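Analysis of the macromolecular model
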Amino acid sequence: MCGIVGIVGKSQVAQSLYDGLTVLQHRGQDAAGIITIDENRFNLRKANGLVRDVFHTRHMKRLTGNMGIGHCRYPTAGTSSSAEAQPFYVNSPFGIAFAHNGNLTNAHELQEEVFRIARRHINTSSDSELLLNIFAHELQSCTELTVSAKDVFKVVTSVHKKIRGAYAVVAAIIGQGIVAFRDPHGIRPLALGKRVTEMGEEYMVASESVALDTVGFKFIRDVAPGEAVFITESGELHTQQCAEQPSTSPCIFEFVYFARPDSFIDGISVYASRVNMGRKLGEKIAKEWADLDIDVVIPIPETSSDVALQIATTLNLPYRQGFVKNRYIGRTFIMPGQTMRKKSVRRKLNAISSEFRGKNVLLVDDSIVRGTTSGQIIEMARESGAKKVYFASAAPEIRFPNVYGIDMPSANELIAYGREIEQIADLIQADGLIFQDIQDLVDAVREENPDIKRFETSVFDGNYITADIDQDYLERIDIARGEKSRQAPVVQAELSNLEMHNIEEL
Ligand SMILES: O=P(O)(O)OC[C@H]1O[C@H](OP(=O)(O)OP(=O)(O)O)[C@H](O)[C@@H]1O
Ligand SMILES: NC(=O)CC[C@H](N)C(=O)O
Ligand SMILES: [Mg+2]
């Protein structure tokens, strides 16, 4: 996942973009970038690291302008190199800066086509740079010096026809405005907001509504799947559906893990959906484990807390915070590399022994992906004196790779791949293990917006919504994104960007 933001304002926007990115940090911890437009010039600062580490006062001072976009990255294609940090930039036509959340599933074919037909060079292995060049190539057909809303919608319509996969995009075009669009299935989220100031109306797009709240923009609505939004430099808003057969099929993993609980995505409160997950799983536990002697329900911070509290309520059991989270360590699942993820679990979570000693505990997590967290946490619970350790996952078994912007490219990495529940329980050393049923998960989320008929659930059932994923493709991404190739060599990660004027360390 990644976080994207874009603002067309009436005064300086850098601080609002920064603030928006800080509340989207949970979507990407690897790199961050902001580009602003001031007097026909882009100002860019991007680098590896957390938002607070990438932007210092000296950078912020130089990010001048009333219009700009930002990105925080969690790589799902290419490497973690700073050269693949976003926004990306091309100088023609007009000058375009571009930020993308998602993952293209036909990048392989497009790469060749972009060179053959458009004579464009892609300098990284990032699918986002590719997508920018496809967008730029389509925009090239505009013959006027000013881009109209009609032109923009024509461009996005053509882009939709060419690319497949998941994409929520924001692009800043110099002298014109900001364009944002969402893939025809709406796999990745994108929200639109407005702020009324004394100087006039300002518009903002962001991956999650929480970014709008924080910056003081009022949520207007989600950008619809397939829809394009064009906010002109002078602040006029134009929107149009640009996909032939749009369908709202958001990624269900946003609700399980990715999104912040205080966000609303496609009319669904992420928090309420998690409470519903807790209720459904609690009911399943009551039915299937009626004879189990659970003393206490303990969440594995941070994402599972809302689910665990509701499980405790449903089972009429005490809920205790048995683990303390080190607030200075980020999310482990989105860290690059298994070694780093593994090390970070113990650094991040520590047990309060008194909550475990002599008790039968039910540990709750939102999901078990590679089993990195669950295995270590169960060990910690036992070291702290727990008698029995049961484990519940608010999501079903994850058995299929993700191809839409979550870095799970290899089925072999998934602990549930090719294993039955008893085998998984053995591996993580749980005395009992229970998963949410897929239908219950879908119902828990859908309860908040029954108009949504389908969710993107491929990691659980292998049904890929774009219908273009076959075994060959899965094998290819497995090799391309093997653990080694995902990590940029240190030297490369520290190199400066060989591109447009970037505000480097002074
Ligand atoms: O089975 P695994 O491969 O360990 O992945 C699943 C775990 O990773 C995530 O936590 P993370 O530490 O990323 O973030 P959180 O603090 O938001 O829960 C998720 O909430 C699970 O705890
Ligand atoms: N998680 C994402 O949305 C990643 C965006 C893009 N595919 C990248 O790797 O940079
Ligand atoms: Mg977690």
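Model, not experiment: these values are computed from the prediction.

Its location among the elements puts isoleucine 352 in the loop between strand E18 (349-351) and strand E19 (360-365). Overall, the relative accessible area of 32% leaves isoleucine 352 in the partly exposed class. Placed 159 residues apart in sequence, isoleucine 352 and glycine 193 show a C-alpha to C-alpha distance of 42 Å. Setting aside chain neighbours within four positions, we find isoleucine 352 in contact with Gln321, Gly322 and Val324.

Turning next to the packing of helix H5 (residues 127-139) against helix H6 (residues 149-162). In the contact formed by H5 and H6, the axes pass within 9 Å of each other and the chain directions differ by 135°. Compared by their axis directions, H5 and H6 come out oblique. Crossing handedness for the pair H5 and H6: right-handed. Where H5 approaches H6, its residues Leu131, Ile134, Phe135, Glu138 and Leu139 are matched on the opposing element by Val155, Val156, Ser158, Val159 and Lys162. A per-class count over the contact of H5 with H6 returns seven nonpolar, one polar and two charged.

Here the focus is the side chain of glutamine 86. Along the chain, glutamine 86 falls in the loop between strand E4 (67-73) and strand E5 (88-90). A relative accessible area of 2% places glutamine 86 in the buried class. In this structure the side chain of glutamine 86 is engaged in a polar contact, spanning 2.8 Å, whose partner is the side chain of serine 128. Those residues in contact with glutamine 86 that sit more than four places away from it in its chain are Ala32, Gly33, Lys46, His71, Phe98, Ala99, His100 and Ser128.

This part is about the packing of helix H9 (residues 270-288) against helix H14 (residues 438-446). Direction vectors running N to C along H9 and H14 enclose 140°, while the axes themselves pass 8 Å from each other. In the crossing of H9 with H14, the sense of the turn from one axis to the other is right-handed. Counted together, Ser273, Asn276, Met277 and Lys280 of H9 and Asp440, Leu441, Asp443, Ala444 and Val445 of H14 form the full contact between these two elements. Considering only residue class, the contact of H9 with H14 consists of four nonpolar, two polar and three charged.

Turning our eyes to something else, we now look at the pattern of salt bridges. Applying the stated rule across the entire model yields 25 salt bridges. A salt bridge links arginine 164 to glutamate 109; its shortest N-O distance comes to 3.5 Å. One end of the pair, arginine 164, is in the loop between H6 and strand E7 (165-173); the other, glutamate 109, is in helix H4 (residues 107-118), and 55 residues separate them in sequence. Judged by its relative accessible area of 37%, glutamate 109 falls in the partly exposed class. Members of the salt-bridge network, linked through shared partners, are Arg27, Arg188, Glu208 and Glu254.

Parameters at a glance
- Residues numbered from 1 in each chain as written.
- Chains lettered and ligands numbered in written order.
- Predicted model: local features only at pLDDT ≥ 70, side-chain atom pairs only at ≥ 80, totals over all residues.
- Heavy atoms only, no water.
- Helix = DSSP H or I, 4+ residues; strand = E, 2+ residues; numbered from the N terminus.
- Buried < 20%, exposed > 50% of the residue type's maximum accessible area, 1.4 Å probe, protein only.
- Contact = heavy atoms within 4.5 Å.
- Axes fitted to C-alpha atoms, helices over the stretch in contact; angles between N-to-C directions.
- Parallel < 35°, antiparallel > 145°, perpendicular 65-115°, else oblique.
- Left-handed = near helix turned anticlockwise from the far one by under 90°.
- Nonpolar A, V, L, I, M, F, W, Y, C, P; charged D, E, K, R; others polar.
- Polar contact = N/O pair within 3.5 Å; in protein donor to acceptor, adjacent residues only side chain to side chain.
- Salt bridge = Lys/Arg side-chain N within 4 Å of Asp/Glu carboxyl O.

Function cannot be read off these values alone, since they describe shape.
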